[in-house]
Amino acid sequence: MTTTAPDPALSYYTLGEEIHDTKAPGGPIEKKWPTRQFEAKLVNPANRRKLTVIIVGTGLAGGAAAASLGEAGYHVINFCYQDSPRRAHSIAAQGGINAAKNYKNDNDSVQRLFYDTVKGGDYRARETNVYRLAEVSASIIDQCVAQGVPFAREYGGLLDTRSFGGVQVQRTFYARGQTGQQLLIGAYQALERQVNAGTVEMHTRHEMVELIVHDGRARGVVTRDMVTGAVEAWLADAVVLATGGYGNVFFLSTNAMGCNVTATWRAHRKGAYFGNPCFTQIHPTCIPVHGDTQSKLTLMSESLRNDGRIWVPKRAEDAEKDPRQIPEQDRDYYLERIYPAFGNLVPRDIASRQAKNMCDEGRGVGPEVTEVTQEGESRQRRRGVYLDFSDAIDRLGKKAVEAKYGNLFDMYEQITGENPYEVPMRIYPAVHYTMGGLWVDYDLSSSIPGLYVCGEANFSDHGANRLGASALMQGLADGYFVLPNTINDYLSGAPFEKLDERTPAVAEALSSATGRIDKLMGIKGNRSVDSFHKELGSIMWEYCGMERTEAGLQKAIELIRELRSEYWSNVKVTGAAEDFNQALEKAGRVADFMELAELMCIDALHRRESCGGHFRRESQTEDGEALRDDEHFAYVAAWEFTGDGQKPTLHKEPLEYHFIELKQRSYK
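Residues numbered from 1 in each chain as written. Predicted model: local features only at pLDDT ≥ 70, side-chain atom pairs only at ≥ 80, totals over all residues. Heavy atoms only, no water.

1. Quick look at the sheet that holds strand E4 (residues 97–98)
Strands sit in the order E4-E6-E5 across an open sheet of 3 strands; the sheet is antiparallel. Across the chains shown, the open sheet's two edge strands, defined by having one partner strand only, are E4 and strand E5 (161–162). In this structure, E4 lies alongside strand E6 (residues 172–173), joined through 2 bridges in antiparallel fashion. Counted as the bridge partner of asparagine 98 is threonine 172 from E6. (Pairing = 2+ DSSP bridges. Helix = DSSP H or I, 4+ residues; strand = E, 2+ residues; numbered from the N terminus.)

Structure representation (structure tokens):
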């Protein structure tokens, strides 16, 4: 495929210099990480306690990093906006964590996990980072078992594994449907041990609202105490952001209600590049939207696709029937039909897109909903497909299915009022994970020296689509094994200049934070924050969701700009700034979502190809699969903020594949 037409997005951005130095050493890929570990400078143990590291976030990446750096002897200041580190969104992960241990003797390996991850991300991930992730994956399981994480075990006592989408081996370790919760408790215990030892200073109910950059280095953060409203500056030798993803830009998502982009967006505005913002993941197994007043969606674990079969009626007129009354010959197990090699375990982006296709054909199930097409037309559609366990129950017995998935089945019944042991689940795709995030190099350092980014908050490992059970793997890999090795290289140059609140950079950050709060409180408009957020989410879902077009994205950019203009003149924030005020918290977050949303659409508009979760209608194969354009778009899009009202600058990091063949992705 050759792109010859002028880029329609060029009116929205400018081009900057390419990025070529990612700090990854040369040589064979299996020697890069050991080489980097050896070449990185060290900090004398006696000097570590003199150095301070701020870590924002207490999920798997943040909690693991804080525990590890505290254990190493650094003084760590850890922040989270929840009332306990245990309420980080990592706790919501259900299905499992990947690791290349080959316990099933099914020919798994580090090389295969590496290959599956790059292929699953549709060849838009950086080879070096992904190989390292696969390398350290086995150590994560050992670490967690040592912490007492109760992974499922086989009859003989060995750790059990199961399959997840996009692979043909069983490498996913799990703790029933509560894997994230159990892993987070393990990290939390390690973190609290360091709190008790005095190496980690914990501050809950504190939200980061600004980054402090002095002399080109990240030197601290400004936080707002969410109970008292106090705005404070905190100073350190380095800052680590482990604040998760930005899926709530769509309003409805599987994310916790509090998940937001503010920490990373404030860093972006201070100079940190934002990588691939349009790469967002739609998860195929979510409980469908059930009403206009809904504020959150619920995920059903991808692990259910091990034993559940996905289907729709072959005839649209059967959509209203009880699914148990539709005979086998009238059912279309479409994933098994289209992708015989992988069946129901195709990657998430493919499963989601095919579910949408079935519903667009009029064969969806569940209640009819009104939707608006990208052409502005209104239509009625049923937005749901069946996830059916009747075959598994017949084959394994109800008790065996209950042992594997019982808590997930209970959750589904509590939400929908339907018993999935008797009636097939209804599912539909929903916004889940964000592959984009702050750009980082091989060391997890952003483009601002001293600012490191871990877990979902960075862009580094998943390309254009994340394989299931890899989020927990990346978070713990970054926190336990990567960052503690690479941040030493930077901190070996410390101590840096001492700062206080009179330092211009600190005073400016404090003034910026308080000025923004005062501005939001002073608007006194007529519309609630949530009404703006909901409208923004609708724009993003319709024009920058599962399917994107040139005209739709251009329209979305203009709609977002109009909405943002109204926001800053007509939003109503109730309460007082110097107090517990959730309306004010949301107002700041939605303001950042407005700016992020525009950049996401510009990024999606400029990338005139389809890859993974980024599907441009204009770029698809004859059978409707994503069609990449490797000649023109085999790069990371790293965006630089240039000022309010100014065009962002695009820096391209070319993606070179030396150890994996670059080819069209196929799961058939």
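Here the narrative resumes, following the displayed structure.
2. As for a negative patch on the surface
Residues Glu402, Asp410, Glu413 and Glu422 make up a contiguous surface patch of negative charge. Here glutamate 422 falls in the exposed class, since its relative accessible area comes to 53%. (Patch = residues over 30% accessible without salt bridge, like charges linked within 9 Å, V, L, I, M, F, W, Y side chains within 5 Å. Areas by Shrake-Rupley, 256 points an atom, 1.4 Å probe, with all protein chains shown as cover. Salt bridge = Lys/Arg side-chain N within 4 Å of Asp/Glu carboxyl O. Lys, Arg positive; Asp, Glu negative; His and termini not counted. Charge placed at Lys NZ, Arg CZ, Asp CG, Glu CD. Buried < 20%, exposed > 50% of the residue type's maximum accessible area, 1.4 Å probe, protein only.)

3. Some thoughts on the nonpolar core
Core analysis: the largest hydrophobic core is formed by 179 residues, its most contacted members being Ile97, Met540 and Tyr567. With 14 residues, the single largest contributor to this core is helix H16 (residues 582–606). Residues lining this core come from more than one domain, with at least three contributed by each of domain 1 (283–431) and domain 2 (512–629). The residues touching tyrosine 567, leaving out its near neighbours within four places in the chain, are Leu520, Ile523, Val529, Phe532, Lys586, Ala587, Val590, Ala591 and Met594. Within the second largest apolar cluster, 9 residues are counted, among which are Val222, Leu499, Ala509 and Ala513. (Core = buried A, V, L, I, M, F, W, Y, C linked by side-chain atoms within 4.5 Å. Domains from an automatic or database assignment. Contact = heavy atoms within 4.5 Å.)

4. A few points about the environment of histidine 268
With respect to the element layout, histidine 268 can be found in helix H7 (residues 262–269). Sequence spacing of histidine 268 and aspartate 623 is 355 residues, and the spatial spacing of their C-alpha atoms is 39 Å. Contact partners of histidine 268, with chain neighbours within four places excluded, come to Tyr273, Phe274, Leu438, Leu599, Trp639, Glu640 and Phe641. Among the polar contacts listed, one links the side chain of histidine 268 to the backbone oxygen of alanine 272, at a separation of 2.8 Å. (Polar contact = N/O pair within 3.5 Å; in protein donor to acceptor, adjacent residues only side chain to side chain.)

5. Focus on unusual backbone geometry
Looking along the chain, the bond that leaves alanine 494 and enters proline 495 is cis, with omega of 5°. In this fold, proline 495 is placed in the loop between helix H12 (471–491) and helix H13 (504–523). A positive phi angle, close to 75°, is found at lysine 23, a residue other than glycine. Topologically, lysine 23 is positioned in the loop between strand E1 (14–15) and helix H1 (29–39). With a phi close to 70°, leucine 444 is a non-glycine residue in the positive phi region. Here leucine 444 lies in the loop between strand E20 (437–438) and strand E21 (451–453).

6. Structural notes on the pairing of strand E8 (residues 206–214)
Within E8, 8 of the 9 residues are buried, which leaves the element mostly enclosed by the surrounding structure. Pairing between E8 and strand E9 (residues 217–225): 8 bridges, direction antiparallel. Across the sheet, the residue bridging to methionine 208 is threonine 223, located in E9. Hairpin geometry of E8 and E9 is characterised by an intervening segment of 2 residues between the two adjacent antiparallel strands and by a positive phi of about 55° at aspartate 215.

7. Quick notes on the sheet that holds strand E15 (residues 331–332)
Strand order in the open sheet formed by 5 strands is E13-E19-E18-E14-E15, and the pairing between neighbours is antiparallel. Of all the strands in the sheet, just strand E13 (280–286) and E15 have a single pairing partner and so form its edges. Sheet topology places strand E18 (residues 385–388) next to strand E19 (residues 425–434); 3 bridges connect them, and they run antiparallel. Considered in E19, the bridge of leucine 387 is made with methionine 425.

8. So, the side chain of glutamine 194
Mapped onto the fold, glutamine 194 is located in helix H6 (residues 179–197). Filtering out sequence-adjacent residues up to four positions away, glutamine 194 remains in contact with Ala67, Gly70, Glu71, Thr199 and Val200.

9. Comments concerning empty space enclosed by the protein
Evaluation of the coordinates by the stated rule reveals 3 cavities of 30 Å³ or more. Of the pockets and cavities examined, the largest cavity occupies roughly 170 Å³. Of all the elements in the fold, those that place two or more residues in the lining of the largest cavity are E8, H13 and H16. For the lining of the largest cavity, the residue count by class is 7 nonpolar, 2 polar and 5 charged. Of the pockets and cavities examined, the second largest cavity occupies roughly 60 Å³. As for the second largest cavity, its lining consists of Ile282, Asp349, Ser352, Arg353, Met546, Gly612 and Gly613. Counting the residues that make up the lining of the second largest cavity, at least three belong to each of domain 1 (283–431) and domain 2 (512–629). (1 Å grid on protein atoms, 1.4 Å probe; cavity = no way out; pocket = protein on both sides within 12 Å on 5 of 7 lines; lining within 4 Å. Points joined across faces, edges and corners; volume = space filled by probe spheres on them. Nonpolar A, V, L, I, M, F, W, Y, C, P; charged D, E, K, R; others polar.)

10. Observations concerning the environment of threonine 243
Mapped onto the fold, threonine 243 is located in the loop between strand E11 (238–241) and H7. A relative accessible area of 26% places threonine 243 in the partly exposed class. In the structure, threonine 243 is positioned 214 residues away from alanine 457 in sequence and 5.7 Å away in space, judged by C-alpha atoms. Each residue touching threonine 243, except ones within four places of it in the same chain, is listed here: Val56, Asn260, Ala263, Thr264 and Ala457.

11. Overview of the packing of aromatic side chains
Per the counting criterion, the structure on display carries 23 aromatic pairs. Summarising the aromatic geometry, the rings of phenylalanine 532 and tyrosine 567 are spaced 5.0 Å apart at their centres and angled 85° between planes, so their arrangement reads as edge-to-face. Pair noted here: phenylalanine 532 is in helix H14 (residues 529–544) and tyrosine 567 is in helix H15 (residues 550–570), with a separation of 35 residues, a long-range link. Phenylalanine 532 sits in the buried class, given a relative accessible area of 0%. For tyrosine 567, a relative accessible area of 0% gives the class buried. Taken together through their ring pairs, the aromatic side chains of Phe389, Tyr405, Phe409 and Tyr421 make up a single cluster. One Lys or Arg, arginine 589, reaches over the ring of tyrosine 81 and ends 5.1 Å from the middle of that ring. Taking the ring centre of tyrosine 635 as reference, the NZ or CZ of arginine 607 above it sits at 5.2 Å. (Phe/Tyr/Trp six-rings, centres within 6.5 Å; stacked < 30°, edge-to-face > 60°. Lys NZ or Arg CZ within 6 Å of the ring centre and 35° of its normal.)

12. Points about the domain arrangement of the protein chain
Each domain of the protein chain was delimited in the assignment, giving domain 1 (283–431) and domain 2 (512–629). A separation of 28 Å is found between the C-alpha centroids of domain 1 and domain 2. Where domain 1 abuts domain 2, roughly 1,200 Å² becomes buried across the two surfaces, and 45% of that area is made up of carbon and sulfur atoms. On inspection of domain 1 and its partner domain 2, the count reaches 0 salt bridges. At the junction of domain 1 with domain 2, the criterion picks out 3 residue pairs in polar contact (both at pLDDT 80 or more). Elements represented by at least two residues in the side of domain 1 that touches domain 2 include exactly helix H9 (348–360) and E19. Ranked by residue count, the leading element in the side of domain 1 that touches domain 2 is H9, at 6 residues. Looking at the side of domain 1 that touches domain 2 residue by residue, the classes come out as 6 nonpolar, 4 polar and 5 charged. (Buried area = accessible area lost by both parts, 1.4 Å probe.)

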